[in-house]
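A look at the structure
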Amino acid sequence: MRALLAPCMFLFCLAALAQVPEPPEIAAKSYLLLDVSANQVLASRNADAPVEPASLTKLMTGYLVYDALKAKKIALDQKLPVSERAWRMPGSRMFIDPKMQVPVDDLLKGMIVQSGNDATVALAEGVAGSVERFVDLMNQQAKALGMANTTYKNPEGLTAPGHVTTARDLGILATRLMQDFPDELPYYGIKKYRYQGTPTANDTNRNMLLFRDPTVDGLKTGHTDAAGYCLVATARRDFPNLQGRRLLAIVLGASSEAARANEAQKLLNWGYTAFEGLKLFEGNQAVLEPQVWKGSDKTVKLGQPRPIVLAVPVGSASRIRTQVVRPDPLVAPIQKGQQVGTLKILAGEQVLREVPLVALQEVEQAGVFGRAWDAIRLWIK
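Residues numbered from 1 in each chain as written. Predicted model: local features only at pLDDT ≥ 70, side-chain atom pairs only at ≥ 80, totals over all residues. Heavy atoms only, no water.

Here we look at helix α4 (residues 104-112)
Convention followed: Under the scheme applied here, a residue whose accessible area is under 20% of the maximum for its type counts as buried, over 50% as exposed, and between as partly exposed, the area being computed with a 1.4 Å probe on protein chains only. Runs of E in the DSSP output that reach at least two residues are strands. Runs of H or I that reach at least four are helices, and both are numbered from the N terminus. Throughout, a contact is declared for two residues whenever any of their heavy atoms are within 4.5 Å.
Buried residues dominate α4, accounting for eight of its nine residues. The complete set of buried residues in α4 reads Val104, Asp105, Asp106, Leu107, Leu108, Gly110, Met111 and Ile112. Check the buried side of α4 and you find it contacts α2 (58-70), β3 (79-81), β4 (101-103), α5 (117-128) and β5 (216-224).

Quick look at the structure:
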């Protein structure tokens, strides 16, 4: 995944377009608003300050469970035992006990909808054999994703010395969770769930925005006395020029359940109204098809597997232009996915962003005579 643009860099670049909209006042210790479709930070405060993640920790737990499902190490219908350790977990619970064997699918719902610490531990033990081994996997995955300021001490998010993250790291994690496991995103939009035999009063998702805003489809709440009230909320809205534009609001250290929902909603609404998303190219669309020398094909398609999208202040779209920088000549072989150039996105003469252009196809070397003929042509050229 490309690194998220730092807010200061993003705002400096956009100064070439128009006056950058001022974000609303947000009542929280730190926050971040990310345009996921464009991979741009739209606004933030204290995005790199260490904070306790509380139950937002469960986003990483979910990532590892989905990875284990994808690798077929476990199955959704597989029943996992409930250990004494899981049963005795304090805080939010699914209310399962050692007499039960609970399917992975239900444990996931219990972890996400009810924020069950008992369900979380049962999943951790089921995937890794022990909580301690699972925490090792969490930290390894955080490092692999580029979450430079995150350290996990447990899978559920209860307060522990050194158990910290940042708003920016949560943005990286949430983005990769949605990109890498899109089929699992519906878990985070479930409004009500309870396992058979557990209390009916414990069936409601704590993410209030799921009940208020039909475009919100996740992701997770968190709360401890030390962390305050936290929320990672994502919404997907359609626009004439960009269908399915997704934003992500992260609010950390709010004063109440209502406050974290209100502040996240404020950020999402502001992001959608103050900025517009421009889809410059579709995923796997050729930005250009330059000539290839000594190759089995005469040209190669250059682009990106994902759509190339830019977020700009409303009214600034007409000033955007693009420029391609690439080696010339291009000589085979060229591997699929190999970077072969850069797409510069500019406003006037100022570069707003640079996007790597990769080969969307493989181009093998031509035969002996084809290579020899192109060698002569290149020499003449």
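As for the nonpolar core
The criterion, for reference: We call a set of buried residues a nonpolar core when its members are Ala, Val, Leu, Ile, Met, Phe, Trp, Tyr or Cys and they connect through side-chain atoms within 4.5 Å of each other.
In this structure, Met60, Tyr66, Leu107, Leu108, Tyr188, Leu219 and Leu248 are the most contacted members of the largest nonpolar core, which totals 64 residues. Secondary structure elements with two or more residues in this core: β1 (30-35), α2, α4, α5, α6 (131-145), α7 (167-180), β6 (228-239) and β7 (242-254). Among the elements that line this core, the one with the most residues is α2, at eight residues. In contact with tyrosine 66, not counting residues within four places along its chain, are Leu108, Ile112, Leu177, Phe181, Glu184, Tyr187 and Tyr188. Grouped together as the second largest cluster of nonpolar side chains are 29 residues, Ala43, Val216, Leu268 and Ala274 included.

Concerning the pattern of salt bridges
Pairs can form between side chains of opposite charge whenever their charged atoms are close. The condition is simple: Salt bridges are defined as contacts in which a side-chain nitrogen from Lys or Arg sits within 4 Å of a carboxyl oxygen from Asp or Glu.
Following the criterion strictly, the structure yields 16 salt bridges and no others. One salt bridge connects aspartate 238 with arginine 236, and the closest N-O pair in it is separated by 4.0 Å.

A short note on the packing of aromatic side chains
Here is the rule: Ring pairs shown here join Phe, Tyr and Trp side chains whose ring centres sit within 6.5 Å, with only the six-membered ring taken for Trp; geometry is labelled stacked below 30 degrees between planes, edge-to-face above 60, and tilted in between. Charge over a ring is defined by NZ of Lys or CZ of Arg lying within 6 Å of the ring centre and within 35 degrees of the ring normal.
Per the counting criterion, the structure on display carries six aromatic pairs. Between the aromatic rings of tyrosine 66 and phenylalanine 181, the centroid separation amounts to 5.7 Å while the plane-to-plane angle is 50 degrees, which identifies the pairing as tilted. Here tyrosine 66 is found in helix α2, whereas its partner phenylalanine 181 is found in the loop between α7 and α8 (209-212), with 115 residues between them in sequence. You can call tyrosine 66 buried: its relative accessible area is 2%. Chaining the aromatic ring pairs together yields one cluster made of Tyr63, Tyr66, Phe181, Tyr187 and Tyr188. Across the ring face of phenylalanine 239, the terminal group of arginine 245 is positioned such that the distance to the ring centre comes to 5.9 Å.

Some details on the side chain of asparagine 207
Put simply, the rule reads: We define a polar contact as two N or O atoms separated by no more than 3.5 Å, with the added condition that, inside protein, one atom must be a possible hydrogen donor and the other a possible acceptor, whereas residues neighbouring each other in sequence contribute only through side-chain atom pairs.
Counting through the fold element by element, asparagine 207 comes out in the loop between α7 and α8. Polar side-chain contacts of asparagine 207 include one of 3.4 Å to the backbone oxygen of glycine 218. The residues touching asparagine 207, leaving out its near neighbours within four places in the chain, are Val216, Gly218, Leu219, Thr221 and Leu231.

Section: the sheet that holds β6
Using the following cut-off: Two strands pair if DSSP finds at least two bridges between them. Whenever a helix is involved, its axis is fitted only over the stretch in contact; in every case the axis is a line through C-alpha atoms, and angles between N-to-C directions fall within 0 to 180 degrees.
Spatial ordering of the open sheet is given by β2-β1-β7-β6-β5, a layout of five strands whose pairing is antiparallel. Two strands lie at the open edges of the sheet, namely β2 (40-45) and β5, each paired on one side alone. Neighbour to neighbour, the strand axes of the sheet diverge by 10 degrees on average, direction disregarded. Bridge analysis of β1 against β2 gives five bridges, and the strand direction is antiparallel. Paired with leucine 33 across the strands is alanine 43, a residue of β2. Here helix α9 (residues 257-274) sits on the sheet and contacts β1, β2, β5, β6 and β7; the angle it forms with β7, its principal contact strand, is near 145 degrees.

Section: the pairing of β6
Side-chain direction in a regular strand flips from residue to residue, so the side chains alternate between the two faces of the sheet. For β5 and β6, the ladder comprises eight bridges, and the chain directions are antiparallel. Residue glycine 218 lies in a different strand from β6, and its bridge partner there is threonine 234. From the end of β5 to the start of β6, which pair antiparallel, there are three residues. Two strands pair when backbone bridges link them, and β6 and β7 are joined in this way by nine bridges, in the antiparallel orientation. Pairing of alanine 235 across the sheet is with leucine 247, part of β7. Hairpin connection between β6 and β7: a loop of two residues separates the two successive antiparallel strands.

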